[in-house]
Amino acid sequence: MNATTTTTTAPAALPRERFDVAPLALLAGLALLALPLIGSPSSWATLTLAGLAMGLIVFIMASGLTLVFGLMDVLNFGHGLFIALGAFMATTVLASLSGLVASPNLGANLLAVGAACLVGMGMAGAVGLAFERVLVRPVYGLHLKQILITMGGMIVGEELLKMQYGAQLVPITPPEGLRGALLFGDVALERFRLLAMVVGLAVLVGLLWLLNRTKLGLLIRAGVQDREMVEALGYRIRRLFIGTFVAGSALAGLGGVLWGLYQQGVTPQIGAQLNVLIFIVIIIGGLGSTFGSFVGALLVGLVANYTGFLAPKLALFSNIALMVAVLLWRPEGLYPVARRAG
């Protein structure tokens, strides 16, 4: 009997999707284009750092909405309420920790800001849980109703904030050690903006790791694609989705704390005002794309700072013009969900 030999061939590896560097090139090109227009390299560097810091704060706020839309397919127009809650919690916490705020010790200052961030995230997350249960749950899959009911929820929440804090500007004084700027020759970088940049980058890394490198992120993404199959495997998708909504609300609260300190004041209307900016960011980045919202937020921050310096009267229109230009180039945004980085 002749022996027969069989050979098995390993399955061919799936081709890895190439990372799209064009949006990052756009970001770098925008910064380089602004250099000759501004003239002074030190002024350009200062504006660029300020724009990046602003963009990272906006990204923290936008990342929560991106998370909710990308993983739950929920258009939450009440997202600004959680931002306002975080900002107002910062005023309350920092006022109660006035000793730490006024201390010349940087560690004490960071402790006060950290406490404000934790309380702001906790309050925003708790309200987000109630928001999801009462308003969002009945309208899953109904985008028009989601827009109407979540916007109504934000209006009601804004009025409640007015009852508690008043309609006027509530000032927020940054801690002593986070005031002023660090000087690198003729380039200035405000201390608080440096902190905001560190927090924003940490949020980006954490979200990308969670969504792409953990079982939890895999389950959430799988639940979006085929909820019935994941539930048949014994996983409770509803709980995962509720957790996602709470996490997105908490990120909005964190962004509200940082934005309030950045602006050194907060009003009940802050959420409605920032809602427009946040939706511009996620539309530019690509609906549901975490990395896209990161790049979009940086673009918005740089354009706002450059335009505010070169042509202040056009600053309010600059973000709309940026969105139109990007959508003419890429109608689905910089990183469409089908090939997004995060």
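Anything mentioned here points back to the structure above.
Attention in this report is confined to the structure presented alongside it. Here the structure is a predicted model, which means the values were calculated and not measured.

### So, the packing of helix H11 (residues 270-285) against helix H13 (residues 315-329)
Here's step 1: The N-to-C vectors of H11 and H13 enclose an angle of 20°; their axes lie 10 Å apart at closest approach. Judged on the interaxial angle alone, H13 and H11 are roughly parallel. At the point where H11 passes H13, the crossing takes the left-handed sense. Contacts between H11 and H13 involve Leu277, Ile280, Ile283 and Ile284 on the former and, on the latter, Asn319, Ile320, Leu322, Met323, Val326 and Leu327.
Here's step 2: Looking at the contact of H11 with H13 residue by residue, the classes come out as nine nonpolar, one polar and no charged.

### Quick look at H11
Here's step 1: Helix length check: H11 (16 residues) gives 22 Å between terminal C-alpha atoms against 22 Å at 1.5 Å per residue, within 8%.
Here's step 2: Summarising burial for H11: 12 of the 16 residues are buried, a large majority.
Here's step 3: Ile270, Gly271, Leu274, Asn275, Leu277, Ile278, Phe279, Ile280, Val281, Ile282, Ile284 and Gly285 are the residues of H11 that are buried.
Here's step 4: Backbone geometry just after H11 places Gly286 at a positive phi near 110°.

### Re the pairing of strand S3 (residues 187-190)
Here's step 1: Residue alternation in S3 divides its side chains into a buried set, Val187 and Leu189, and an unburied set, Ala188 and Glu190.
Here's step 2: Pairing analysis gives four bridges linking strand S2 (residues 181-184) to S3, with the strands arranged antiparallel. The partner of Ala181 across the bridge, within S3, is Glu190.
Here's step 3: Where S2 hands over to S3, the hairpin turn is made up of two residues, of which Gly185 adopts a positive phi near 70°.

### Observations regarding the layout of surface pockets
Here's step 1: Put simply, the second largest pocket is a space of about 300 Å³.
Here's step 2: Every residue lining the second largest pocket is counted, 13 residues in all, and those nearest its centre are Trp259, Gln263, Gln273, Leu274 and Leu277.
Here's step 3: Where the lining of the second largest pocket is concerned, the elements lending two or more residues are helix H10 (237-263), strand S4 (265-266) and H11.
Here's step 4: Top element by residues in the lining of the second largest pocket is H11. It accounts for four residues.

### Observations regarding the packing of aromatic side chains
Here's step 1: In total, this model carries 11 aromatic pairs according to the counting rule given.
Here's step 2: Ring geometry for Phe291 and Tyr335: centres 5.4 Å apart, planes at 75°, overall edge-to-face. Of the two residues, Phe291 sits in helix H12 (residues 290-310) while Tyr335 sits in the segment after H13, which places them 44 residues apart along the sequence.
Here's step 3: The class for Phe291 is buried, based on a relative accessible area of 12%.
Here's step 4: The cationic tip of Arg330 hangs over the ring face of Trp329; the distance from NZ or CZ to the ring centre is 4.5 Å.

### Digging into the nonpolar core
Nonpolar side chains tend toward joint burial in soluble globular proteins.
Here's step 1: Among the nonpolar cores identified, the biggest contains 96 residues, and Trp259 and Ile284 are the most heavily contacted of them.
Here's step 2: Ignoring sequence-local partners within four residues, the contact set of Trp259 consists of Met54, Ile57, Val58, Met61, Ile270 and Leu274.

What counts and what doesn't
Residues numbered from 1 in each chain as written. Predicted model: local features only at pLDDT ≥ 70, side-chain atom pairs only at ≥ 80, totals over all residues. Heavy atoms only, no water. Axes fitted to C-alpha atoms, helices over the stretch in contact; angles between N-to-C directions. Helix = DSSP H or I, 4+ residues; strand = E, 2+ residues; numbered from the N terminus. Parallel < 35°, antiparallel > 145°, perpendicular 65-115°, else oblique. Left-handed = near helix turned anticlockwise from the far one by under 90°. Contact = heavy atoms within 4.5 Å. Nonpolar A, V, L, I, M, F, W, Y, C, P; charged D, E, K, R; others polar. Expected span 1.5 Å × (residues − 1). Buried < 20%, exposed > 50% of the residue type's maximum accessible area, 1.4 Å probe, protein only. Pairing = 2+ DSSP bridges. 1 Å grid on protein atoms, 1.4 Å probe; cavity = no way out; pocket = protein on both sides within 12 Å on 5 of 7 lines; lining within 4 Å. Points joined across faces, edges and corners; volume = space filled by probe spheres on them. Phe/Tyr/Trp six-rings, centres within 6.5 Å; stacked < 30°, edge-to-face > 60°. Lys NZ or Arg CZ within 6 Å of the ring centre and 35° of its normal. Core = buried A, V, L, I, M, F, W, Y, C linked by side-chain atoms within 4.5 Å.

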